[in-house]
Amino acid sequence: MRSILGRLKRLKCEEKGQSLVEFALVLLPLLLLLLGIIEFGWLFNGQITVTSAAREAARAVAVGEDPWTAVNRHIMAANLTVTDILVTPGGSETDKWNLVQVQASIEPLVGFFVTNTVNLSAEATMRME
């Protein structure tokens, strides 16, 4: 009976490296998940910024200002490159609506899942004042 208990104690003491191996096996999927979350958040923040910049450009056009100035002022701190701003007037003479489309590009932050530049676009409509 003592020999069986001695063997069990010895086996229990030999499990020191087990947690290190388990951690090494779990570490890669956790890092991939973390990098994916960071990349998605970076690109989603870029899309939100472009949408907000389109709204600012539509507001600038509605009050008679330059849409490029409004967009550049809005995305000054963001890591976006504005490629084009299209203003399409519409509506009747008494009720004019302007459609503003903003196109921009953003470089991926991590570059592991998305390797190329991502093109983003957004549009906003606002009535002339």
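Values in this document were obtained by computation on a predicted structure and should not be read as measured data.

The rules behind each value
Residues numbered from 1 in each chain as written. Predicted model: local features only at pLDDT ≥ 70, side-chain atom pairs only at ≥ 80, totals over all residues. Heavy atoms only, no water. Helix = DSSP H or I, 4+ residues; strand = E, 2+ residues; numbered from the N terminus. Buried < 20%, exposed > 50% of the residue type's maximum accessible area, 1.4 Å probe, protein only. Contact = heavy atoms within 4.5 Å. Areas by Shrake-Rupley, 256 points an atom, 1.4 Å probe, with all protein chains shown as cover. Polar contact = N/O pair within 3.5 Å; in protein donor to acceptor, adjacent residues only side chain to side chain. Phe/Tyr/Trp six-rings, centres within 6.5 Å; stacked < 30°, edge-to-face > 60°. Pairing = 2+ DSSP bridges. Axes fitted to C-alpha atoms, helices over the stretch in contact; angles between N-to-C directions. Core = buried A, V, L, I, M, F, W, Y, C linked by side-chain atoms within 4.5 Å. Left-handed = near helix turned anticlockwise from the far one by under 90°. Nonpolar A, V, L, I, M, F, W, Y, C, P; charged D, E, K, R; others polar.

Here's the deal with the overall build of the protein chain
Each helix and strand counted, the protein chain has three helices and three strands in total. Counting from the amino terminus, the protein chain carries its helices and strands in the arrangement α-α-α-β-β-β. Looking at the protein chain residue by residue over its 129 residues, the buried ones come to 24%. Expressed as a percentage of contacts within the protein chain between residues at least 6 apart in sequence, the contacts between residues at least 24 apart total 53%. On the protein chain, roughly 9,300 Å² of surface is accessible, and the fraction owed to carbon and sulfur atoms is 61%.

A word on the side chain of serine 52
Relative to the helices and strands, serine 52 is located in helix α2 (residues 18–62). A distance of 2.8 Å separates a polar atom in the side chain of serine 52 from a polar atom in the side chain of histidine 74.

Structural notes on the packing of aromatic side chains
In the structure shown here, the tally under the stated rule is two aromatic pairs. Measuring from centroid to centroid gives 5.7 Å for phenylalanine 40 and phenylalanine 44, while their planes differ by 10°, and the two rings are stacked. Of this pair, phenylalanine 40 and phenylalanine 44 both sit in helix α2, four residues apart, roughly one helical turn. With centroids separated by 5.1 Å and ring planes inclined at 90°, the aromatic side chains of phenylalanine 112 and phenylalanine 113 adopt a geometry described as edge-to-face.

Overview of the side chain of serine 105
Mapped onto the secondary structure, serine 105 falls in strand β2 (residues 96–106). The exposure class assigned to serine 105 is buried, which follows from its relative accessible area of 13%. Serine 105 has contacts with Asn79, Leu80, Thr81, Thr83, Thr117, Val118 and Asn119, leaving out every residue within four places of it along the chain.

Overview of the pairing of β2
Pairing between strand β1 (residues 80–91) and β2: 11 bridges, direction antiparallel. By the bridge assignment, proline 89 is partnered in β2 with asparagine 98.

Examining the sheet that holds β1
Across the sheet, three strands lie side by side as β1-β2-β3; this open sheet has antiparallel pairing. On the outer flanks of this sheet lie β1 and β3 (118–127), each paired with one strand and no other. The mean angle between the axes of side-by-side strands here comes to 15°, regardless of whether they run parallel or antiparallel. Most of the contacts of α2 go to β3, to which it runs at about 30°, and overall it touches β1, β2 and β3. Against the sheet, helix α3 (residues 67–74) engages β1 and β2, with an angle of about 140° to β1.

Some details on the environment of isoleucine 38
Within the fold, isoleucine 38 resides in helix α2. Between the C-alpha atoms of isoleucine 38 and valine 110, which are 72 residues apart in sequence, the distance is 7.6 Å.

Things to note about the nonpolar core
Counting residues in hydrophobic clusters, the biggest one holds 20 residues, and the most contacted among them are Val50, Val71, Val100 and Val102. Put simply, the parts of the chain that give this core at least two residues each are α2, β1, β2 and β3.

Examining the packing of α2 against α3
Contact geometry for α2 and α3: axes closest at 8 Å, N-to-C directions at 145°. Seen from above, α2 lies across α3 with right-handed handedness. Every residue of α3 that contacts α2 at Thr49, Ser52, Ala53, Glu56, Ala57, Ala60 and Val61 is listed here: Pro67, Ala70, Val71 and His74. By residue class, the composition of the contact of α2 with α3 is seven nonpolar, three polar and one charged.

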